[in-house]
Amino acid sequence: MKNLIVANWKMNPQTYLEAEDLVRNILSGVKELNNTEVVICPPFTWLTDFSHKNESLVSFGAQNVFYEEKGAYTGEISSQMLKSAKVDYVIVGHSERRKYFGETDEIVNKKIKKALEVGLKVIFCIGETAEENINAKKNEVLEKQIKKGLNGISNLENVNIAYEPVWAIGTGNNCSVGEAKISIGFIKKIVEEKTRILYGGSVKIENSGAYIKEAGANGLLVGGASLNAEEFIKIVKSAE
Ligand code: PGA
């Protein structure tokens, strides 16, 4: 099982030229990887341009997908469209989507099912808020998100779970390796052995290797640091 390092660009960068530059620079630094798979998730506007280039060094992923197949859903993109555009992965259930777009566990579940149906690989995000962490609700929240998000899904072969404590995302306040290890261990007991568990939340070069080597993560979901090719490449190499 290779480690999976995912670049989540979120709503960045602002121009196609910057996006193209970033992809090109990342590609130049990820040759000759043996144990690591790299996925880049740009905004939709740039995604299909890159995914059609048949790049073999990395895979491309979407940051979102809709659960309906087709029809009158203005502004939405279906799983089939992603598949047809040579996109391999999709991030589902990111905390920013739960927070700003009202995505519930039920919606997340429908999206995962549809994505898997067409053969996409899913990066399913879970994680507790600061308040849930303080109130010792972490395990309860993680278990609920997993059970509801994966409800009715028996084959987890194409499912990767990203453990992202909400309080650690974009704050610079990354989860300690010891704490991440406990949560990753807890998640591993709930799902199948072969499901990769990623860590995400303020990953940077100073902490990335330790999540893989010490906390038992099978990969990383990298936000801010994935917008800097040099730093992202170092993070990828720390997982090799
Ligand atoms: P961050 O974002 O690395 O900027 O904290 C991670 C994520 O939201 O996936």
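Residues numbered from 1 in each chain as written. Predicted model: local features only at pLDDT ≥ 70, side-chain atom pairs only at ≥ 80, totals over all residues. Heavy atoms only, no water.

## Some details on the packing of helix α1 (residues 16-29) against helix α10 (residues 229-238)
Each pair of packed helices can be described by the angle between their axes along with the distance between the axes. Across the interface, α1 lies against α10 with an axial gap of 9 Å and an inter-helix angle of 35°. For the element pair α1 and α10, the recorded crossing hand is right-handed. Seen from α1, the contacting residues are Leu22, Asn25, Ile26 and Gly29; seen from α10, they are Ala229, Phe232, Ile233 and Lys237. Among the residues making up the contact of α1 with α10, the classes are represented as five nonpolar, two polar and one charged. (Axes fitted to C-alpha atoms, helices over the stretch in contact; angles between N-to-C directions. Helix = DSSP H or I, 4+ residues; strand = E, 2+ residues; numbered from the N terminus. Left-handed = near helix turned anticlockwise from the far one by under 90°. Contact = heavy atoms within 4.5 Å. Nonpolar A, V, L, I, M, F, W, Y, C, P; charged D, E, K, R; others polar.)

## Description of the pattern of salt bridges
Here the structure, examined in full by the defined rule, presents 13 salt bridges. Across the pair aspartate 105 and arginine 98 runs a salt bridge whose closest N-O atoms are separated by 2.7 Å. Grouping residues by exposure puts aspartate 105 and arginine 98 together as buried. Lysine 138 serves as the salt-bridge partner of glutamate 179, at 3.5 Å between the closest nitrogen and oxygen. Of this pair, glutamate 179 sits in helix α8 (residues 177-190) while lysine 138 sits in helix α7 (residues 138-149), placing them 41 residues apart in sequence. Judged by its relative accessible area of 11%, lysine 138 is buried. Here the salt bridges do not stand alone but share partners, grouping Glu69, Lys114 and Glu117 into one network. (Salt bridge = Lys/Arg side-chain N within 4 Å of Asp/Glu carboxyl O. Buried < 20%, exposed > 50% of the residue type's maximum accessible area, 1.4 Å probe, protein only.)

## Structural notes on the site of the ligand
Around the ligand sit 14 residues, and of these Lys10, His94, Glu164, Gly170 and Ser202 come closest. Lysine 10 has a polar side-chain atom sitting 2.7 Å from an oxygen atom of the ligand. The backbone of glycine 170 places a nitrogen or oxygen atom 2.6 Å from an oxygen atom of the ligand. In the complex, the protein chains occlude 95% of the 280 Å² of accessible area that the ligand would expose alone. The class makeup of the residues in the shell around the ligand is five nonpolar, seven polar and two charged. (Near = heavy atom within 4 Å. Polar contact = N/O pair within 3.5 Å; in protein donor to acceptor, adjacent residues only side chain to side chain. Areas by Shrake-Rupley, 256 points an atom, 1.4 Å probe, with all protein chains shown as cover.)

## What to know about the pairing of strand β4 (residues 89-92)
The two faces of β4 match: Tyr89 and Ile91 on one face and Val90 and Val92 on the other face are all buried. As paired elements, strand β3 (residues 59-62) and β4 share two bridges and run parallel to each other. Residue glycine 61 lies in a different strand from β4, and its bridge partner there is tyrosine 89. Following the chain from β3 across helix α3 (residues 79-84) to the adjacent parallel β4, one finds a crossover that is right-handed. Relative to strand β5 (residues 121-126), β4 is paired through four bridges, and the arrangement is parallel. Looking at the pairing, isoleucine 91 lines up with isoleucine 123 of β5. (Pairing = 2+ DSSP bridges. Right-handed = clockwise from strand over helix to strand, strands pointing away.)

## Here we look at the packing of aromatic side chains
Per the stated rule, a full pass over the model turns up eight aromatic pairs. On the basis of an interplanar angle of 20° and a centroid distance of 6.1 Å, the ring pair of tyrosine 16 and phenylalanine 50 is categorised as stacked. Linking tyrosine 16 in helix α1 with phenylalanine 50 in helix α2 (residues 44-51), this pair joins segments that are 34 residues apart in sequence. In this structure tyrosine 16 comes out as partly exposed when scored by relative accessible area, which is 27%. Ring geometry for phenylalanine 66 and tyrosine 73: centres 5.2 Å apart, planes at 55°, overall tilted. Linked through ring pairs, Trp9, Tyr16, Trp46, Phe50 and Phe60 together constitute an aromatic cluster. The aromatic ring of phenylalanine 101 is capped on one face by arginine 97, whose charged end is 4.2 Å from the ring centroid. Taking the ring centre of tyrosine 67 as reference, the NZ or CZ of lysine 110 above it sits at 4.2 Å. (Phe/Tyr/Trp six-rings, centres within 6.5 Å; stacked < 30°, edge-to-face > 60°. Lys NZ or Arg CZ within 6 Å of the ring centre and 35° of its normal.)

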